[in-house]
Amino acid sequence: MAAEPKQSEIEQLRLRERLAKLRNLPLIGGVSVGGELARLERQIERIATEPSADEVWHSVELARHQDRPYTLDYVERIFDDFVELHGDRSFADDPAIVAGLARFRGRTIALVGHQKGRDIRERTHRNFGMPYPEGYRKAMRVMELADRHGFPVFTLVDTPGAYPGVAAEQHGQGGWIARCQLAMVRLTVPSICCVIGEGGSGGAVAIAVADRVLMQENAIYSVISPEGCAAILWRDASEAKKAAAAFKPDARHCLDLGVIDGIVAEPEGGAQLDFDAAAALLGDGLAAALDPIADLDADERRRARRARFRAMGVFAS
Amino acid sequence: MASHIDVRIEDRREDAQPPSGKGHPNTCPSCGSHYRDDELEQNLRVCPHCGHHFPVRVRERIAQIADRGTFVEHDVELRSSDPLGFFDLKAYTERLAQAEQDTGLGDAMVAGAASIERRPCELAVMEFTFMGGSMGSAVGEKFARACERAAERHVPLVAVTASGGARMQEGILSLMQLPKTVSAVDALREARAPFVSVMTHPTTAGVLASFASLGDVIVAEPGALLAFTGPRVVQQTTREKLPDDFGLAESNTRFGHVDAIVRRPDLRPYLGRLLALFANGS
């Protein structure tokens, strides 16, 4: 490695510092971009089209940080009068997904989110945020309730993935993940999703098929865990950092690939350092994403959502 | 180590090997009988001795279920590209080129118009030997276009799946093929076009967790592994004792996830009967 940083790296560092100062804006790059911010972003893009491997890995570490705020930490700070609803009306209540009704800046909304545990006991109770099919059925029935009553749907994604167990398979894990996505595609009410930590593959996307999809600055969204990818492609799980650099699960890359609409800023150093500030930024981000779509024609909004996901991908023909 | 339990939905070539993965491909893994290739082909690649279903390549599958000479392939030119510049031990572009050379296919799905027992339909058939039948942007796009053609022509869509899941070399874009194909099925449903999903060995992870599970009717071949997470990963992460028939078509049928297990010789008449029933209603 060269001892002296290259000129472009110095330049990039300088721009990143300036960018950090502007990060009190609720959203970067998507829904509400300031002119100055947009210009800086483009400049950064020219110098280094992507975050370095170290920066990507830093996001992976922060996204999984044990002190990071979880769904219920945000719920108590962002929403009023939260009433949690339990059960899938069929078999069980899955604690890895919380769902309910609440008030957000004066209006009733429905909230669905993965929930991880803080200590050993709660972690086990919440199954590390890894839902069974029962969790997705609960999510579906609360979203369908919201649809009947015209409440916007907010989903917060934070899971390593859907639970890979025998009972989960027997209860139809794959099928319920598919049907939960379909239920979201069909909603006539507006929906906003934010990935607040780990967006782990199918277990995450099951509740992420929204009109607007956001990511917190240090969240990750990926098709596979870095360890899993490394174990398969490098045949060595300890190559996780290399794998993460290759499949690029960080917010910046997801924005560039058109997978998300905006990035929600976090307090300097990460959301784990200041729950209140992180919640304030997330609340502003959710409001900024909801406002422009709240009053669209329901059918038009549903079609636009479907078209948005239909268009995902890059191929040659 | 324990803090991150691995729940990937990627291409699972390793634990999703077809049963003939060991030994000669024409030796039956359940009874040990050995066949000439033409014998097996004549028997639809079902072991005449014990009924084991060998894997079927995509062209042969189409010949088995479509009326002779009716299949017209679409989107022949569609190929994967490499949006992430993905490189592991090999470049993704190199893996793609190798897979195309080995299989003679552009990607892991072949789609087009056909007739089954004189009923017009759209067919979308997956090829497991093309990078583990993994679904990247090209496979998602082929499936979505097949849905759109079926909707436009008001004919049923028949999908035959064989896949290890999403193609991790395309990163998050491969995960986005789940909601993409789900959205395509939603549009198909809106057009009231029927969708029959035929799951063959193996149908796992991202494909099971998207379009394959959304068929109006879902049938499976005997002995096919149909699981969101394959047995090896479930065993490793949970240390649970797996039932002998874990994730197999038979257990999926018992738990209510599949309408019927259809043996390969019965598949074409079964599809013909279904398509006729759907046609009579509209």
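Not measured: the values here are computed from a predicted model.

**Student:** Quick question: what am I supposed to make of the overall build of chain B here?
**Tutor:** Along its length, chain B carries ten helices and nine strands. Its C-alpha atoms give chain B a radius of gyration of 18 Å, near enough to 19 Å, the size a compact globule of 282 residues would have. Overall, chain B is about 55 × 45 × 40 Å in size when its C-alpha atoms are taken along their principal axes. By residue count, 53% of the 282 residues in chain B fall in the buried class. For chain B, contacts bridging at least 24 residues in sequence account for 71% of all contacts bridging at least 6.

**Student:** In this structure, what is going on with the interface of chain A and chain B? I would like to understand it.
**Tutor:** Bring the parts together and some accessible area is lost; that lost area is often taken as the interface size. With 54 residues of chain A at the interface, the matching set in chain B holds 61 residues. Those elements giving two or more residues to the side of chain A that touches chain B turn out to be α7 (166-170), α8 (173-186), α9 (201-205), β8 (220-222), α10 (226-234), α11 (240-247), α14 (298-310) and β10 (315-316) of chain A. Of all the elements, α8(A) adds the most residues to the side of chain A that touches chain B, at nine residues. Its residues assigned to classes, the side of chain A that touches chain B shows 30 nonpolar, 17 polar and seven charged. Where β10(A) lies against strand β2 (residues 79-80) of chain B, two bridges are found, and the strand directions are antiparallel. Bridged to A:Ala316 within β2(B) is B:Arg79.

**Student:** What exactly am I supposed to notice about the packing of helix α6 (residues 133-149) of chain A against α8(A) here?
**Tutor:** When two helices pack together, their arrangement is given by the angle between the helix axes and the distance between those axes. Residues and elements named next belong to chain A. Direction vectors running N to C along α6 and α8 enclose 15°, while the axes themselves pass 9 Å from each other. It follows that α6 is roughly parallel to α8 by the angle criterion. The two elements α6 and α8 cross, and the hand of that crossing is left-handed. Together, Pro133, Tyr136, Arg137, Ala139, Met140, Met143 and Glu144 of α6 and Gln173, Trp176, Ile177, Arg179, Cys180, Ala183 and Met184 of α8 make up the contact between the two elements. In terms of residue class, the contact of α6 with α8 is built from ten nonpolar, one polar and three charged.

**Student:** Which parts of the structure should I look at to understand unusual backbone geometry?
**Tutor:** Note: most residues except glycine have negative phi, and most peptide bonds are trans. Residues and elements named next belong to chain B. Cis geometry marks the peptide bond from His201 to Pro202, where omega comes out at -15°. When you line up the elements, Pro202 lands in strand β6 (residues 195-204). Look at Arg192: it is not a glycine, yet its phi comes out positive at around 60°. Considering the arrangement of structural elements, one finds Arg192 in the loop between α6 (177-190) and β6. Even without being a glycine, Arg239 presents a positive backbone phi close to 55°. Residue classification places Arg239 among the exposed residues on the basis of 7 C-beta atoms within 10 Å.

Rules used in this analysis
Residues numbered from 1 in each chain as written. Chains lettered and ligands numbered in written order. Predicted model: local features only at pLDDT ≥ 70, side-chain atom pairs only at ≥ 80, totals over all residues. Helix = DSSP H or I, 4+ residues; strand = E, 2+ residues; numbered from the N terminus. Rg over C-alpha atoms; globule rule 2.2 N^0.38 Å. Buried ≥ 20, exposed ≤ 12 C-beta atoms within 10 Å, placed from the backbone. Contact = placed C-beta atoms within 7 Å. Nonpolar A, V, L, I, M, F, W, Y, C, P; charged D, E, K, R; others polar. Pairing = 2+ DSSP bridges. Axes fitted to C-alpha atoms, helices over the stretch in contact; angles between N-to-C directions. Parallel < 35°, antiparallel > 145°, perpendicular 65-115°, else oblique. Left-handed = near helix turned anticlockwise from the far one by under 90°.

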